[in-house]
Amino acid sequence: MNGATCGESPHFIVARGLGCNSLRVKGYSQVSLDLAAGCAHAICAEDKHGKTELLLTLAGRMLPTEGRLRVEGEDVSSLRALNKVRKVSGLGFFAHVNDVEKVLRVRTVTSAELGLAGKRSNRAATLAYLEQWGLADVADKAIEELPAATYDLLGIALGMAADPKILVVDDIERDVTDDESRALADRLITLAHTTGTTVVCGVIDYRLAERFDSATCISEDAERQRDAFYGEGVTKEVA
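Numbering of residues begins from 1 in every chain and follows the order in which that chain's sequence is written. Thresholds applied to this predicted model are a pLDDT of at least 70 for local features of residues and 80 or more for the giving and counting of side-chain atom pairs; totals over whole chains, interfaces and linings are not thresholded and use all residues. Hydrogens and water molecules were not included; the side-chain quantities draw on all heavy atoms of the structure.

### Focus on the overall build of the protein chain
So, point 1. Broken down by element type, the protein chain carries eight helices and nine strands.
So, point 2. Here the radius of gyration uses the C-alpha set of atoms, whereas the globule reference equals 2.2 Å times the residue count to the power 0.38. In terms of overall size, the protein chain behaves like a compact globule, its C-alpha atoms giving a radius of gyration of 18 Å where 239 residues would be expected to give roughly 18 Å.
So, point 3. Seen through its principal axes, the protein chain has C-alpha atoms that stretch 55 × 50 × 40 Å.
So, point 4. Burial statistics for the protein chain: of 239 residues in total, 46% are counted as buried.
So, point 5. Contacts in the protein chain between residues far apart in sequence, at least 24 positions, make up 69% of those at least 6 positions apart.
So, point 6. Residue burial considers only the protein chains on display, and all accessible areas are found by Shrake-Rupley using a 1.4 Å probe. Counting every atom, the protein chain has about 12,100 Å² of accessible surface; 49% of that belongs to carbon and sulfur.
So, point 7. Averaging the locations of the 28 positively and 36 negatively charged side chains of the protein chain gives two centres separated by 6 Å. Under the DSSP-based scheme used, a helix requires at least four consecutive residues in state H or I and a strand at least two consecutive residues in state E, with every element numbered from the N terminus. The rule is simple: take the accessible area with a 1.4 Å probe, protein chains only, and divide by the maximum for that residue type; under 20% is buried, over 50% is exposed, in between is partly exposed. Residues count as neighbours in contact if any of their non-hydrogen atoms are within 4.5 Å of one another. We treat Lys and Arg as the positive residues and Asp and Glu as the negative residues; His and chain ends play no part in the count. In this description, the location of a charge corresponds to atom NZ of lysine, CZ of arginine, CG of aspartate or CD of glutamate.

Take a look at the structure:
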């Protein structure tokens, strides 16, 4: 783990006018961020409004087409620089990016990920790692048998296998209850604060985004949600 505490490095990820658009990909435009290390940050937007593409950019998986991005002081404007970010970043499960075979067992997938991270990956080590995440009881289940919230947690656990400096996560609201989404969000916040990993999570509901250390809206709908959220708060205080 990198050991940073929340806010210790306040400009760990800095973006100005960042965009990622091409003939093949319609992603996001004019995004500005200033994210502190060791904190948990939310990126709020509805589906298909660039949220996923932005997360993948911050994790070194997509090269921006406009604007500026610096990660830990590194100017991420070339494939070489992007690869440096990629090496220190982990991903939760992203559809069509790091999917796993649904028929494989949790223990098998976890062992493989630990091995790729250069860690012990025998049965005992794998079960011990799953135990840390509260997943030991599903070790012998197939991925396709997991409830959505457990599947999301497994993705987070696998993303953390190499002790990354940055962890990006998406879709913690899909096919789960509001309580389960909040529990996953709180788990990510605690993870950032206790390990020093900088967590960036994509969400749709601004109320969920507000649980994080910071929340950035990258769509008009998300901005309307934010305005309504604070408007409701003001009304309640006055009442």
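### Comments concerning the sheet that holds strand β5 (residues 74–75)
So, point 1. Pairing between strands is defined by DSSP: at least two bridges between the two strands are required. Read across the sheet, four strands follow the order β2-β1-β4-β5 without closing on themselves; strand pairing throughout is antiparallel. The open sheet has two edge strands with one neighbour each: β2 (26–35) and β5.
So, point 2. Note: strand β1 (residues 13–21) against strand β4 (residues 66–71), five bridges, orientation antiparallel. Bridge pairing in β4 links R16 to R68.
So, point 3. Axis definition: a line fitted to C-alpha atoms, over the contacting stretch in the case of helices. Angles run 0 to 180 degrees between N-to-C directions. The sheet strands contacting helix α1 (residues 51–58) are β1, β2 and β4, and the helix crosses β2 at an angle near 55°.

### A closer look at the packing of aromatic side chains
So, point 1. Only the six-membered ring of Trp is used, alongside the rings of Phe and Tyr, when aromatic pairs are assigned; centres must lie within 6.5 Å, and planes under 30 degrees apart are stacked while those over 60 apart are edge-to-face, with the rest tilted. The tally for this structure, following the rule as stated, stands at five aromatic pairs.
So, point 2. A ring pair is formed by F93 and Y151, whose centres lie 4.4 Å apart and whose planes are at 20°; its orientation type is stacked. A residue pair is termed long-range when its members are at least 10 positions apart, and F93 in the loop between β6 (89–91) and α3 (106–116) and Y151 in helix α5 (residues 148–159) qualify at 58 residues.
So, point 3. Judged by its relative accessible area of 13%, F93 falls in the buried class.
So, point 4. Owing to a relative accessible area of 17%, Y151 belongs among the buried residues under this scheme.
So, point 5. Seen from their ring centres, Y129 and W133 are 6.4 Å apart, and the 55° between their planes marks the pair as tilted.
So, point 6. For Y129, a relative accessible area of 9% corresponds to the buried category.
So, point 7. Within the aromatic cluster, the residues linked to one another by ring pairs are Y206, F229 and Y230.

### Quick word on unusual backbone geometry
So, point 1. Unusually for a residue other than glycine, Q30 sits at a positive phi of about 50°.
So, point 2. In the Ramachandran plot, D175 falls in the positive-phi region, its phi being about 65° despite a non-glycine side chain.
So, point 3. As for its position among the elements, D175 is in the loop between β7 (166–169) and α6 (178–195).

### Brief notes about the state of the cysteines
So, point 1. By definition, disulfides here are pairs of cysteine sulfur atoms that lie within 2.5 Å. Summed over all chains, the structure comprises one disulfide.
So, point 2. Between the sulfur atoms of C6 and its disulfide partner C39 the distance amounts to 2.0 Å. Looking along the S-S bond of the C6-C39 disulfide, the torsion reads about 105°, which is the right-handed sense. Of the two residues, C6 is situated in the segment before β1 and C39 in the loop between β2 and β3 (40–44); the sequence distance between them amounts to 33 residues.
So, point 3. On the basis of relative accessible area, C6 is assigned to the partly exposed category, the value being 36%.
So, point 4. Look at C39 and you get buried, because its relative accessible area is 4%.
So, point 5. With no disulfide partner, C44 has as its closest neighbouring cysteine sulfur the one in C217, 4.9 Å distant.

### With respect to the environment of S181
So, point 1. Along the polypeptide, S181 turns up in helix α6.
So, point 2. In the structure, S181 is positioned 22 residues away from V203 in sequence and 9.6 Å away in space, judged by C-alpha atoms.
So, point 3. With near-sequence residues (within four places) excluded, S181 lies in contact with I172, E173, V176 and L208.
So, point 4. Under this definition, polar contacts are N or O atom pairs within 3.5 Å; protein pairs additionally need one hydrogen-donor-capable and one acceptor-capable atom, and for neighbouring residues in sequence, both atoms have to be side-chain atoms. Engagement of the side chain of S181 in a polar contact is seen with the backbone oxygen of I172, the distance being 2.8 Å.

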